[in-house]
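Report on the structure
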Amino acid sequence: MTFRTSHEPVTVAYAEVATPVGRFTLAVTEVGLVAAGWGSRPRLKDLVEVHDPDRTAGAVAELTEYFAGRRRVFETPVDWRFIPATPRQVLQALHRVPFGTVVTYGELARKAESRVPARGIGSIMGANPIPIVVPCHRVVAGNGLGGFSGGEGVETKRWLLTHEGYLQPTLLDL
């Protein structure tokens, strides 16, 4: 992800959270959550890293509560500034999809009032810089779960949808 600023440098603080679906990294600017994901820290070019546990504390607490089954809605502000207009429009519509529900790629395109075809929505989901909080796991294909690029792929998506009560647990989950 490349960020270009013309004024004062934007700063970012990082935090890591151990979750049932792997280690999850959060990146928070002065405005809000700008990136998240599994594995190594997101590459946030042109942002100055700062050590600021207070800045990340709210997002860490909410994610911990979500995985403990005590949170259904994230209140952490999202910093949308660096996401291009069309993906931002789609991701903002996705951000409003409630816990425990899903939409198809086509339904999300309609909710976003976007001219992006379902296939393009899939590409935007694959590039979502803020999974879980902007819940791309809640977007499914018309004929099944569809893909998922986070964590362990579709198994992570299945786990998240089971956690939210959309899917029933399987014998593997017991």
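Now for a look at the structure at hand. As the structure is a computational prediction, the values presented were derived from the model and not from experiment.

Procedures and definitions
- Residues numbered from 1 in each chain as written.
- Predicted model: local features only at pLDDT ≥ 70, side-chain atom pairs only at ≥ 80, totals over all residues.
- Heavy atoms only, no water.
- Buried < 20%, exposed > 50% of the residue type's maximum accessible area, 1.4 Å probe, protein only.
- Helix = DSSP H or I, 4+ residues; strand = E, 2+ residues; numbered from the N terminus.
- Pairing = 2+ DSSP bridges.
- 1 Å grid on protein atoms, 1.4 Å probe; cavity = no way out; pocket = protein on both sides within 12 Å on 5 of 7 lines; lining within 4 Å.
- Points joined across faces, edges and corners; volume = space filled by probe spheres on them.
- Contact = heavy atoms within 4.5 Å.
- Axes fitted to C-alpha atoms, helices over the stretch in contact; angles between N-to-C directions.

Within strand S1 (residues 10-19), 8 of the 10 residues are buried, leaving the element largely enclosed by the surrounding structure. In the sheet, S1 pairs with strand S4 (residues 47-49) via 3 bridges, with the strands oriented parallel. Pairing of Val 10 across the sheet is with Leu 47, part of S4. Both S1 and strand S2 (residues 22-29) contribute to a ladder of 8 bridges, which runs antiparallel. By the bridge assignment, Tyr 14 is partnered in S2 with Ala 27. Taken together, S1 and the strand that follows it, S2, pair antiparallel across an intervening segment of 2 residues.

Let us look at the layout of surface pockets. Taken as a whole, the largest pocket spans an internal volume of roughly 420 Å³. Around the largest pocket, the lining comprises 25 residues; the ones closest to its centre are Gly 126, Ala 127, Asn 128, Pro 131 and Ser 149. Put simply, the parts of the chain that give the lining of the largest pocket at least two residues each are strand S3 (33-38) and helix H4 (118-126). Considering each element in turn, the lining of the largest pocket owes the most residues, 4 residues, to S3.

Burial of S2 is extensive: 6 of the 8 residues sit out of reach of the surface. Across 5 bridges, the pairing between S2 and S3 is antiparallel. Note that in S3 the partner of Leu 26 across the bridge is Ala 36. What sits between S2 and S3 in their antiparallel hairpin is a turn of 3 residues.

All right, on to helix H5 (residues 154-163) then. Of all the residues in H5, the buried ones are Thr 156, Lys 157, Arg 158, Leu 160, Leu 161 and Thr 162. For H5, the secondary structure elements touched by its buried residues are S3, helix H1 (53-67), helix H3 (105-111) and strand S6 (139-140). With its phi angle positive at about 85°, Gly 165 sits one or two positions after the end of H5.

Sheets are built from strands paired through backbone hydrogen bonds, the pairs being either parallel or antiparallel. An order of S3-S2-S1-S4 is seen for the 4 strands of this open sheet, with the pairing classed as mixed. The outermost strands of the open sheet, each flanked by one partner alone, are S3 and S4. Geometrically, the sheet is characterised by an average inter-axis angle of 30° between neighbouring strands, direction not taken into account. Along the sheet, H1 makes contact with S1 and S2, crossing S1 at roughly 25°.

Purely geometric numbers; function is a separate question.
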